[in-house]
Amino acid sequence: MKYLIKVSLVLVFFWLFSNLLIAQAPNRPVPARTHKLAAEKAFGSPQSISEVKDMLENNEAYTALKDLIENYKVAIVYADNSFFGNANLKRGDFVVSFNSALERIKDVTKNAELDTSVINTYDRNKAYITSITQVKDLQPGSIYYIAVQSLLEEWGINAVFTKAALLNAGSIIYQDELYDILRVTLGYDYGTLMPKKIAVSRSRFAIILDDVLNQKIKQVETIAAEKKARDDAEKARVNAIIQQIQQSHRDSVSKEIELRKIEAEKKEAEARKQLEDKK
């Protein structure tokens, strides 16, 4: 009996001690979900690589980032002009930059007077998400909202989203998925590389995205040159036909004039003969 009493007293003591500690630290911080904070980082639009405050010329991504910023105007640098090249690429950041790259390709395509169907190789008829309203973890006002809406409703691309209609903006996008998305949407040829399920840094992504844009725009320019050659050939053919018709018309008119001239000379000769006969 005495043993039970002692055990009860020990339990009561520990219970009182635990409550005392809690009472003394009511504002103890609770681990927070920080993925949204990491994801919701606005993008800027620097005009020059010199404006990016954490990118040095000896960085492996310097040339690619310079190309993306100065030539393609792709949204890839944050609003405070930081790049954070060593950070892992997040899905939300990928969506913004990817959509921006698509817009640049579309501009080049329209300027070349080509059908925008040459831009992507993605079959939008197989889309399992067609509207931004179906994305469960994205709200209006998010910095990703416009890019997501464009991908889904303009391009018909939902390869970025899970089957459960989630973007998971703050989570990492892995190398194998990144390359697969770029392959199925833009026909990206990455050679003999065997993509793995490993994180991709933002610097590496800049290099990849610049390569994608260069490859796709070169393809668009090649198609545009071929189209121009066909158009020029057709124009030359039509012009040749027109010139032939015009020449035939001129020849016909000249022949008609010559015949009338001959006829007139003949009549004049007959009239002169008649006068001579009367004399």
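Relevant structure appears above.
Residues numbered from 1 in each chain as written. Predicted model: local features only at pLDDT ≥ 70, side-chain atom pairs only at ≥ 80, totals over all residues. Heavy atoms only, no water.

Caption draft 1: Region of interest: the pattern of salt bridges. For the coordinates displayed, the defined rule picks out 13 salt bridges. Asp 232 is paired through a salt bridge with Lys 228; the nearest N and O atoms lie 2.9 Å apart. With Asp 232 and Lys 228 both in helix H7 (residues 202-278) and four residues apart, the pair spans about one turn of that helix. (Salt bridge = Lys/Arg side-chain N within 4 Å of Asp/Glu carboxyl O. Helix = DSSP H or I, 4+ residues; strand = E, 2+ residues; numbered from the N terminus.)

Caption draft 2: Fine view of the packing of helix H6 (residues 175-186) against H7. Following both chains from N to C, one finds H6 and H7 inclined at 15°, their axes separated by 12 Å at the closest point. The orientation of H6 relative to H7 falls into the category roughly parallel. The two elements H6 and H7 meet at a crossing, and its hand is right-handed. Within the contact between the two elements, H6 uses Leu 178, Tyr 179, Leu 182 and Leu 186 and H7 uses Phe 205, Ile 208, Val 212 and Lys 216. Looking at the contact of H6 with H7 residue by residue, the classes come out as seven nonpolar, no polar and one charged. (Axes fitted to C-alpha atoms, helices over the stretch in contact; angles between N-to-C directions. Parallel < 35°, antiparallel > 145°, perpendicular 65-115°, else oblique. Left-handed = near helix turned anticlockwise from the far one by under 90°. Contact = heavy atoms within 4.5 Å. Nonpolar A, V, L, I, M, F, W, Y, C, P; charged D, E, K, R; others polar.)

Caption draft 3: Molecular detail of the layout of surface pockets. Here the second largest pocket is characterised by a volume of approximately 160 Å³. Forming the walls of the second largest pocket are Phe 43, Gly 44, Ser 45, Pro 46, Gln 47, Ile 69, Lys 73, Val 74, Ala 75, Ile 76 and Val 77. For the lining of the second largest pocket, the residue count by class is seven nonpolar, three polar and one charged. (1 Å grid on protein atoms, 1.4 Å probe; cavity = no way out; pocket = protein on both sides within 12 Å on 5 of 7 lines; lining within 4 Å. Points joined across faces, edges and corners; volume = space filled by probe spheres on them.)

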